Amino acid sequence: MNRISEQAGNVIKESIVDGGVDLQLSNGYARITAYNATTLRIRVGKNSFTTDHSFAVDNLRATVKLQVLKSEGTDKVYATDSLVVKVATHPFRVSIYNHNNQLLCADEATLGVSWYGDKVSCYKQLHSDEKFIGLGEKTGDINRRGNFYQNWNTDAPAYANNADPLYATIPFFIGVHDRLTYGIFFDNSNKSYFNFGGGADEELFHFGADDGEMNYYFFGGNTVASIINDYTNLTGRTPMPPLWSLGFQQSRWGYDNQEQLLTIAKTFREKKLPADVIVSDINYMDNYKVFTWSSKYPDVKGMLGQMKGMGFDMVTIIDPGIKVEKGYKAYEDGLAGNHFAKYPGGRPYIGHVWPGRCHFPDFTKEETRKWWGDQFKQPYIDNGVKGFWNDMNEPAAWGREFPNLIEFGEGKDKKTLYNVKNAYGLLMARSTYEGARRGLNGQRPFVLTRASYSGVQKYSAQWTGDNVSSDDHMLLGFRLLNSMGLSGIPYVGMDIGGFMGNPSPELFIRWLSLGVYSPLFRNHTCIDYNYREPWLFGEANTVKIRAILEQRYKLLPHLYSAFYQAHQTGMPINRMLPIDYTFDDNAYSNKYQNQFLFGNGLLVCPVASTQNSTEVYLPGKGNWYRFGNDKIYAGGSNYFVESPLEDLPVFIKAGGIIPMQSAVQNTKERGDGILYLHIYKGMEQNVYTYYEDDGNTYDYEKGVFYKRDIVYNPQSLLILKAKEGSFNSKFKKVKVVLHGFKQNTSKEYDLTDGEMVIQLPEYN
Ligand code: GLC
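Visitor: Whenever I open this one, the overall build of the protein chain confuses me. Can you help?
Guide: Scanning the protein chain from N- to C-terminus turns up eleven helices and 51 strands. The C-alpha atoms of the protein chain give a radius of gyration of 26 Å, which matches the 27 Å a tight globule of 764 residues would have. In terms of overall dimensions, the protein chain has C-alpha extents of about 75 × 70 × 50 Å along its principal axes. Across the 764 residues that make up the protein chain, the buried fraction comes to 64%.

Rendered as structure tokens:
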């Protein structure tokens, strides 16, 4: 059949509905609703909106009334307290303005929303200076302008530097033009596309999907931070992670018996290399059957007890494929409970993965999610495992593509793999998190996933899959992490040293020193490559590595406070420069695009292992201090700085407050009881929200936390506002460590709960 595209057509009828407006179009239907003053939802479909569904958004009910203003000519005009929506009726085109009548984003005049068969696209006007950031785990430059991306969650071992798609689908981006910002979340889980002005004459950009509705949320906040806030208000935010999961994690595909795991743990302690987690990859299972242990682990409980005694927690991998094998409990129960995805007609689908022939749980069904979640108790949680690593959940099978006609759900909820694939990883992570949380009875689980869809941050951390041991991959990995952070997922990381390949000692050390500034800090490697435990690089390098691991532990108070901010507002921990320096072109330049802020005030400049000096850009007004030697640089300029392996270029903003602790061997160790507050002299007031809780339970949700604002006042003072929450700090004393002052003396104080006003010596 020769197809031509179909246009949405003209507006024929307007009706006001709950929370918004319905428009009947000559070839379809549109609905515009509001979620808050800066969040709109726009749906356009060929059929009227009798059903509604999202894998990402829990509460689909519009919460704010869209105001209907007087029409302008034939244009309909609607508004919220922050945004004005003008709808041209002949043909249907949507333009969104702020209340200063500045155009944020508009449908492209000739195309707008259109279909090609079931494929739906939305074409938007492109502004000459427009930049785009976001889309989560996407390779390439952080400014997506001029490029085309697809979302089709894919097992991508040893992906090329510019490979697309990878493992995840986060159809959310932010546009920046004319000193204005806006965001769009295209909530459609089918295979989707984003073309940011590539291939067209710099006039338009578009996004679309192979099936489903044109269903997007528009965020009109006037800062990148407020757009991230609105996006995560909709799709959810990270819970506070278990503190132990933020320590160093040692992993390798290939550890295959109990003694070996214990020896690894013991060696960390003997060599005084701080670490918290031993990760067990697929070899712990009996023939790769999930929810089992191989006979090489004869005393799992004893092993975990010994680990605990040494201050270690354990994470086990869980893949979705369930081996087809008579008598194997997960298989028999899954079959009996109707928990597997099926071919049309009802036969469970079979794909080949590690265990051979497998069925795959249908995580779209609530009862299957519950069933899956309940499996974690006996083999894992009851033995002391609290961390679960979900892998191969694109879902992956040998030969890559599952047939698209495989069915999920029942009755009116039935969907095909085509609709579900991009959400499968999210649903598996959700089911794992919810089950583990139930099983752990009040303690926090750690969940890590490879595949994801928007909203995964509510359940899981995410890592960037099977990367490669090269400088390029290390650097592009930070762009991935920073983009994932911008796109709502703050708890991210990559395999330190590269999954495939043997890093040189220099590359491994550089990567580790950067890993300090990655929320997930995990050393992982593939079975085909050399062992890579941190003591295997020679004694001189072990000394360097020890200092790096200690640095991570010293920074945990800062990292945990940044997590609290992510939990509260969605603000990522790794912040690409456009978040804070949105209208500074240098923030998007290829030269500086790997740089990022790590929490408030700390700037990290990734640099290849082969480079002993590098060019950095220190953005904004005000000075920056080099971490470690306190050398001062004026902001708003680029510099060539030294970057030896022992001294990654990290800078702290003048006025910065960085809370740190003494080096410890693991997160359960108490250290010296002193909170070190590093203060960097500056001209402007700075407020830092310091946060602690028990690091292990959900009591923080009931007010059992310790939170206080710390104010640096350039006139004379450091003020620790009275603490909020009912948790007692684990620190007894606070030591104020001064940088850039005339007398950089540090002074210790008892940490009291009421407001503490500390006069800084400079002014005494
Ligand atoms: C996949 C994972 C990798 C893991 C391996 C074996 O390739 O991405 O991290 O080690 O499977 O389970």
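Read on for the rest.
Visitor: Which parts of the structure should I look at to understand the site of the ligand?
Guide: All residues in the neighbourhood of the ligand are listed as Trp-253, Asp-281, Ile-282, Ile-317, Trp-354, Trp-389, Asp-391, Arg-450, Trp-463, Asp-466, Phe-499 and His-524. Taking Asp-391, its side chain carries an N or O atom lying 3.0 Å from an oxygen atom of the ligand. Within the side chain of His-524, an N or O atom sits 2.9 Å from an oxygen atom of the ligand. Contact with the protein chains hides 97% of the accessible area of the ligand, taken as 310 Å² for the molecule alone. Across the shell around the ligand, the residue classes break down as seven nonpolar, one polar and four charged.

Visitor: I keep staring at helix H1 (residues 224–235) and nothing clicks. Help me out?
Guide: Because each turn of an α-helix spans 3.6 residues, side chains separated by three or four positions in sequence point in the same direction. With twelve residues, H1 extends 16 Å between its outermost C-alpha atoms, agreeing within 8% with the 16 Å of an ideal straight helix rising 1.5 Å per residue. Taken residue by residue, H1 has Val-224, Ile-227, Ile-228, Asp-230, Tyr-231, Thr-232, Leu-234 and Thr-235 as its buried positions. Gly-236, located one to two residues past H1, shows a positive phi value of around 100°.

Visitor: How should the domain arrangement of the protein chain be read in this particular structure?
Guide: The domain boundaries assigned to the protein chain delineate domain 1 (6–235), domain 2 (574–648) and domain 3 (672–759). Inter-centroid distance (C-alpha atoms) of domain 1 to domain 3 is 42 Å.

Visitor: Before we go on, may I ask you to explain the pattern of salt bridges in this structure?
Guide: Close approach of charged atoms lets side chains of opposite charge pair. On inspection of all chains with the given rule, the structure shows 42 salt bridges. For Glu-6, the salt bridge is made with Lys-46, and the minimal N-O distance between the two is 3.2 Å. With Glu-6 in strand S1 (residues 6–7) and Lys-46 in the loop between strand S5 (39–45) and strand S6 (67–72), this pair connects stretches of sequence that are 40 residues apart. A relative accessible area of 33% means that Glu-6 is categorised as partly exposed. Given the relative accessible area of 32%, Lys-46 is considered partly exposed. Between Arg-450 and Asp-466 there is a salt bridge; the shortest N-O distance is 3.8 Å. Separated by 16 residues along the polypeptide, Arg-450 in the loop between strand S30 (446–449) and strand S31 (452–453) and Asp-466 in the loop between strand S32 (461–463) and helix H7 (471–486) bring together distant segments of the chain. Of the two residues, Arg-450 and Asp-466, both sit in the buried class. One continuous salt-bridge network, built from bridges that share partners, spans Asp-155, Asp-391, Glu-394, Arg-450 and Asp-466.

Visitor: Would you mind going over the sheet that holds strand S21 (residues 249–250) with me for this structure?
Guide: Across a sheet, strands are paired by hydrogen bonds formed along the backbone, either parallel or antiparallel in direction. Spatial ordering of the open sheet is given by S33-S32-S30-S27-S23-S22-S21-S35-S34, a layout of nine strands whose pairing is parallel. One side of each edge strand has no neighbouring strand; the edge strands of this open sheet are strand S33 (492–493) and strand S34 (495–496). With four bridges joining them, strand S27 (residues 387–390) and S30 adopt parallel strand pairing. Within the sheet, the bridge partner assigned to Asn-390 lies in S30 and is Thr-449.

Visitor: Got a minute to help me understand the side chain of Asp-22 in this structure?
Guide: If you trace the backbone, Asp-22 turns up in strand S3 (residues 20–25). Here the side chain of Asp-22 touches Arg-31 through a polar contact of 2.6 Å, side chain to side chain. Beyond its immediate chain neighbours, meaning those up to four positions away, Asp-22 contacts Lys-13, Glu-14, Ser-15, Val-17, Ala-30 and Arg-31.

Rules and cut-offs
Residues numbered from 1 in each chain as written. Predicted model: local features only at pLDDT ≥ 70, side-chain atom pairs only at ≥ 80, totals over all residues. Heavy atoms only, no water. Helix = DSSP H or I, 4+ residues; strand = E, 2+ residues; numbered from the N terminus. Rg over C-alpha atoms; globule rule 2.2 N^0.38 Å. Buried < 20%, exposed > 50% of the residue type's maximum accessible area, 1.4 Å probe, protein only. Near = heavy atom within 4 Å. Polar contact = N/O pair within 3.5 Å; in protein donor to acceptor, adjacent residues only side chain to side chain. Areas by Shrake-Rupley, 256 points an atom, 1.4 Å probe, with all protein chains shown as cover. Nonpolar A, V, L, I, M, F, W, Y, C, P; charged D, E, K, R; others polar. Expected span 1.5 Å × (residues − 1). Domains from an automatic or database assignment. Salt bridge = Lys/Arg side-chain N within 4 Å of Asp/Glu carboxyl O. Pairing = 2+ DSSP bridges. Contact = heavy atoms within 4.5 Å.

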